[in-house]
Structures are given as C-alpha cells and as structure tokens.
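Commentary on secondary and tertiary structure
One-letter residues, chain by chain:
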Amino acid sequence: ITSKWACDQCIATFPAQPGPFTSERLETMLKDILAEGDSRASEVFDNNPTPVDAPAKDRMKEMLAHRENLCIYNNTLQSAPVMHFLGGGEYRLLVHFYAFMFFEDYLQDLWTKRFVRDHLRYVDEIQCAAARVVAAVRGKARSNGAADDAFDTFHIRRGDFQYKD
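Just so you know, these numbers come straight off a predicted model, no measurement behind them.

Another point: the pattern of salt bridges. Counting across every chain of the model gives 6 salt bridges. Across the salt bridge formed by Glu-36 and Lys-57, the nearest N and O atoms sit 2.8 Å from each other. Placement of Glu-36 in the loop between α1 (22-35) and α2 (42-45) and of Lys-57 in helix α3 (residues 56-64) is noted, with a sequence separation of 21 residues between them. The class for Glu-36 is partly exposed, based on a relative accessible area of 36%. A salt bridge links Arg-142 to Asp-149; its shortest N-O distance comes to 2.9 Å. It is possible to trace a salt-bridge network through shared partners that takes in Glu-36, Lys-57 and Lys-61.

Spatially, β3-β2-β5 is the arrangement adopted by the 3 strands of the open sheet, whose pairing is parallel. Among the strands making up the open sheet, the edge pair consists of β3 (69-72) and β5 (101-103). On average, each strand axis in the sheet is tilted by 35° relative to the strand beside it, whichever way the strands run. Here strand β2 (residues 10-14) pairs with β5 via 3 bridges, running parallel.

Definitions and cut-offs
Residues numbered from 1 in each chain as written. Predicted model: local features only at pLDDT ≥ 70, side-chain atom pairs only at ≥ 80, totals over all residues. Heavy atoms only, no water. Salt bridge = Lys/Arg side-chain N within 4 Å of Asp/Glu carboxyl O. Helix = DSSP H or I, 4+ residues; strand = E, 2+ residues; numbered from the N terminus. Buried < 20%, exposed > 50% of the residue type's maximum accessible area, 1.4 Å probe, protein only. Pairing = 2+ DSSP bridges. Axes fitted to C-alpha atoms, helices over the stretch in contact; angles between N-to-C directions.

If you want it as structure tokens, here you go:
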C-alpha cells in the first residue's frame with residue numbers, strides 16, 4: 001500500500017488493538033475533541049504538557065494541534081504486507097516521527113520511542129566521518145587558543161522549511 005499522507009493535515013493514529021472497530025472508537029474520540037472547540041489551542045499546553053500516561057483523548061487533543069483529521073492504521077493497513085510512505089514533493093516528512101504518530105496505548109508509544117532511540121542509528125561510515133570532522137574542528141579550535149578544544153556551532157537551515165500558507 002502506498003500512502004499519500006501529509007503530516008500537517010492529520011496524525012498517523014495507531015489503535016490499542018488490531019481489528020475492524022478500532023477506527024470507530026478513534027473517530028468518536030476525534031469528534032468529541034473537535035466539538036470542544038478551542039481546548040486544543042497550543043497556548044493551553046504551553047508549560048503544561050499532557051502526562052504521558054494520560055487518557056488517550058487528552059493526549060490526542062494535545063497532539064492534534066491545528067490538524068482536524070486522523071490517518072488511522074486500520075484493518076486494511078494492518079493486513080498489508082508492505083506500506084510505503086511517499087517522500088518528496090508535497091509529501092516530505094520534515095518533522096520528527098513523534099510529532100505526527102499517535103498511539104492510543106501510551107505503553108506502545110513509549111516502546112516505539114525507545115526502540116527508535118536505542119536501535120536506529122547511522123551506519124558506522126557516517127558516524128566515523130562525523131567523528132573525523134569533529135576532531136578536525138577541535139584541532140582548529142585548539143590552534144586558535146580555545147581551552148579544552150572547545151568550540152561552538154550553529155545549525156542553520158536555509159529555505160527547506162519555507163511553506164506556502
């Protein structure tokens with residue numbers, strides 16, 4: 001299955017259990033949240049994050065932000081042997097995975113985030129190349145008189161996050 005899904009329009013939503021009726025439960029939760037109105041405005045959550053183990057409805061409310069749709073990992077998607085998310089063009093994923101994936105079961109959410117943290121890594125060649133760059137920068141800092149080879153960096157992005165409203 002190829003998914004034409006844009007993370008700025010809906011959140012990828014994973015039910016707590018597989019099966020045909022999980023979509024209805026999640027859609028009902030979404031309708032209830034949208035009926036509440038402004039309770040999901042980002043200001044509500046500034047310095048007041050929803051606890052990780054809060055009820056699913058409360059966590060979904062915070063996750064939705066400006067989005068009003070769910071892309072539910074439903075029975076059709078669950079039974080697909082392969083699922084492909086398009087990359088490029090209007091379907092570029094320029095956000096962290098945890099900004100658009102919602103798990104009804106918070107324990108599944110925690111497991112997924114820990115799995116990514118602990119197991120998804122750059123290949124050794126990239127890690128080693130990065131280490132050589134850092135060593136060269138530290139050497140340059142040392143030659144410029146920096147204490148303890150210390151240096152500061154900036155990560156500046158130009159143009160790749162400019163969206164048309």
